[in-house]
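# Coordinate analysis (summary)
Each chain is listed here by its residues.
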Amino acid sequence: MELELSQRNLDYIVQQLRLALRKDIKAMLADTQQPDFITTAEAAIMRGVSTARMRQLARKHPELYPHTKTGDSKQATLLFDRNALLRTLK
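Residues numbered from 1 in each chain as written. Predicted model: local features only at pLDDT ≥ 70, side-chain atom pairs only at ≥ 80, totals over all residues. Heavy atoms only, no water.

With that out of the way, let us pick up the sheet that holds strand β3 (residues 77-81). Pairing is antiparallel across the open sheet formed by three strands, whose spatial order is β1-β3-β2. Of all the strands in the sheet, just β1 (37-39) and β2 (67-70) have a single pairing partner and so form its edges. Recorded for the sheet is a direction-independent mean angle of 35° between the axes of neighbouring strands. Along the sheet, helix α4 (residues 82-89) makes contact with β1 and β3, crossing β3 at roughly 65°. (Pairing = 2+ DSSP bridges. Helix = DSSP H or I, 4+ residues; strand = E, 2+ residues; numbered from the N terminus. Axes fitted to C-alpha atoms, helices over the stretch in contact; angles between N-to-C directions. Contact = heavy atoms within 4.5 Å.)

Given below as structure tokens:
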């Protein structure tokens, strides 16, 4: 038994599939996107504090100021998540 669809119905189905695929791809890219990191100096300027104070805040409240350390030494560079800092400013 063969089902025949009009060109209009086929175009509609293709369009709906494209929209669903685009939505899935956007969600996948959002999940795998790396955070936008900024230096301690840039983070301090955003917060209006010194770089030393920014390091203190990161150590005291790591959940509010998510960061990553680039190195093993005590004075290694800290990189902060820009989007998380913007959320704390609100």
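Right, let's talk about the pairing of β3 for a bit. Bridge count for β1 against β3 is three bridges, and the pairing is antiparallel. Note that in β3 the partner of T39 across the bridge is L79. Pairing between β2 and β3: four bridges, direction antiparallel. Note that in β3 the partner of K69 across the bridge is L78. Hairpin connection between β2 and β3: a loop of six residues separates the two successive antiparallel strands, and G71 in this loop has a positive phi of roughly 145°.

So, on to the nonpolar core. Core analysis: the biggest nonpolar cluster contains ten residues, these being I38, A43, A44, M54, L57, A58, Y65, L78, F80 and L85. When residues of this core are traced back to their parent elements, those giving at least two are α2 (40-47), α3 (51-60) and β3. In terms of residue count, the dominant contributor to this core is α3 (three residues). In contact with F80, other than residues within four places in its own chain, are D36, F37, I38, T39, T40, A43, M54, A58, Y65, P66, H67 and L85. (Core = buried A, V, L, I, M, F, W, Y, C linked by side-chain atoms within 4.5 Å. Buried < 20%, exposed > 50% of the residue type's maximum accessible area, 1.4 Å probe, protein only.)

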